[in-house]
Amino acid sequence: MNSRKWVRMFLTTLLLGGVLTVISSFVIKADAYQKVLDPFQLVELLGVLLFFIGLGFIFSVISQMGFFAYLTVNQFGLGVFRSLWIPIQVVLIAFALFDLVYFRYQATENGSLLEYFLTAIALLIIGLLTAKRKAKETNAKAFIPALFFMVVVTTIEWVPALRTQGHDYVLLMIIPLLACNIYQVLLLHRLTANAKRKSA
């Protein structure tokens, strides 16, 4: 795949993160808009919008760094562990989900355990749906790597927000993060397939 396609992927993912963060902020951070809309203050409103767009760009860059890091780790894992790499990924997926429930609950010492459990289940369901789509469009061997990326890598990328107090930034980050991760994992094989067809 040539550099033009990588740049296109980077820019479209960046735009996706920015747009989704702004849209999400209207609901999650409605109080920030209320302050500049009542009374209406155009300059301050533009400042709030730019802030959330910039935040979305940061979330997108984190997503892309995680994606390219995983591509490297996956190749390394295949080279070192060979057939054991798939079972190792399954174990790490289970550990990441357990971490999202138990260790988050222990760290915060507040909130409902059910809340953390539902968060892990939701992430797993989204991961399974994405991995199923990836496997359908490529091959069955892509299922576990895609699930690993969607669960384990997303959890690692999500850590900065998970460490904050309150739920606002936890929600604000996970929406564009998941969207960017899904977009990248489902776009990559399309770009590489197009490149192979053109070179044939």
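Here goes a summary of the coordinates provided.

A few words on the overall build of the protein. Summing up its helical and strand segments, the protein has 7 helices and 0 strands in all. In sequence order, the protein lays out its α and β elements as α-α-α-α-α-α-α. Looking at the 200 residues of the protein, the share that counts as buried comes to 39%. Within the protein, contacts between residues separated by at least 24 positions form 68% of all contacts whose residues are at least 6 apart in sequence. On the protein, roughly 11500 Å² of surface is accessible, and the fraction owed to carbon and sulfur atoms is 71%. On the protein, the mean spot of the 17 positive side-chain charges and the mean spot of the 9 negative ones are 23 Å from each other.

Right, let's get into helix 3 (residues 42–81). With 40 residues, helix 3 should cover 58 Å at 1.5 Å per step; its first-to-last C-alpha distance of 57 Å lies within 8% of that length. Phi turns positive one or two residues past the end of helix 3, at R82, with a value near 55°.

A few words now on the layout of surface pockets. Estimated volume of the largest pocket: approximately 610 Å³. Taken together, 26 residues make up the lining of the largest pocket; nearest its centre are N74, Q75, K134, A142 and P145. Listing elements by their share of the lining of the largest pocket, those giving two or more residues are helix 3, helix 4 (85–108), helix 6 (143–162) and helix 7 (168–199). No other element matches the 6 residues that helix 3 contributes to the lining of the largest pocket. Of the residues in the lining of the largest pocket, the class split is 14 nonpolar, 9 polar and 3 charged.

Here we come to the packing of aromatic side chains. All told, the structure shown has 11 aromatic pairs when counted by the stated rule. Aromatic pair F67 and F149: ring centres 5.3 Å apart, planes at 75°, arrangement edge-to-face. With F67 in helix 3 and F149 in helix 6, this pair connects stretches of sequence that are 82 residues apart. For F67, a relative accessible area of 2% translates into the label buried.

With that out of the way, let us pick up the pattern of salt bridges. All chains considered together, the criterion is met by 3 salt bridges. Among the salt bridges present, the one from E137 reaches R133, with a minimum N-O distance of 2.5 Å. Of this pair, E137 and R133 both sit in helix 5 (residues 113–137), 4 residues apart, roughly one helical turn. By relative accessible area, which is 43% here, R133 ends up partly exposed.

Let us now look at the packing of helix 2 (residues 30–37) against helix 3. Between helix 2 and helix 3, the shortest axis-to-axis distance is 8 Å and the interhelical angle comes to 160°. When the axis of helix 2 is compared with that of helix 3, the two are roughly antiparallel. For the pair helix 2 and helix 3, the crossing hand works out as left-handed. Contacts from A32, Y33, V36 and L37 of helix 2 reach helix 3 at E44, L45, V48, L49 and F52.

Now for a nonpolar patch on the surface. Together, L114, F117, L118, I121, I125 and L129 make up a nonpolar patch on the protein surface, roughly 580 Å² of accessible area in all. In this structure, L129 sits in helix 5.

This part covers unusual backbone geometry. Look at the link from D38 to P39: it is a cis peptide, with omega at 5°. Non-glycine residue R82 carries a positive phi angle of around 55°. Residue placement: R82 occurs in the loop between helix 3 and helix 4. Given the relative accessible area of 61%, R82 is considered exposed.

Right, let's get into helix 6. The terminal C-alpha atoms of helix 6 lie 27 Å apart, and with 20 residues this matches the ideal 28 Å at 1.5 Å per residue to within 8%. Along its length, helix 6 shows its largest kink, about 35°, at I156, and proline P160 lies within four residues downstream of that point. Buried residues dominate helix 6, accounting for 16 of its 20 residues.

What counts, and at which threshold
Residues numbered from 1 in each chain as written. Predicted model: local features only at pLDDT ≥ 70, side-chain atom pairs only at ≥ 80, totals over all residues. Heavy atoms only, no water. Helix = DSSP H or I, 4+ residues; strand = E, 2+ residues; numbered from the N terminus. Buried < 20%, exposed > 50% of the residue type's maximum accessible area, 1.4 Å probe, protein only. Contact = heavy atoms within 4.5 Å. Areas by Shrake-Rupley, 256 points an atom, 1.4 Å probe, with all protein chains shown as cover. Lys, Arg positive; Asp, Glu negative; His and termini not counted. Charge placed at Lys NZ, Arg CZ, Asp CG, Glu CD. Expected span 1.5 Å × (residues − 1). 1 Å grid on protein atoms, 1.4 Å probe; cavity = no way out; pocket = protein on both sides within 12 Å on 5 of 7 lines; lining within 4 Å. Points joined across faces, edges and corners; volume = space filled by probe spheres on them. Nonpolar A, V, L, I, M, F, W, Y, C, P; charged D, E, K, R; others polar. Phe/Tyr/Trp six-rings, centres within 6.5 Å; stacked < 30°, edge-to-face > 60°. Salt bridge = Lys/Arg side-chain N within 4 Å of Asp/Glu carboxyl O. Axes fitted to C-alpha atoms, helices over the stretch in contact; angles between N-to-C directions. Parallel < 35°, antiparallel > 145°, perpendicular 65-115°, else oblique. Left-handed = near helix turned anticlockwise from the far one by under 90°. Patch = residues over 30% accessible without salt bridge, like charges linked within 9 Å, V, L, I, M, F, W, Y side chains within 5 Å. Bend = angle between axes of the 7 residues up to and from the residue.

Everything listed here is a matter of coordinates, which is why it stays silent on function.
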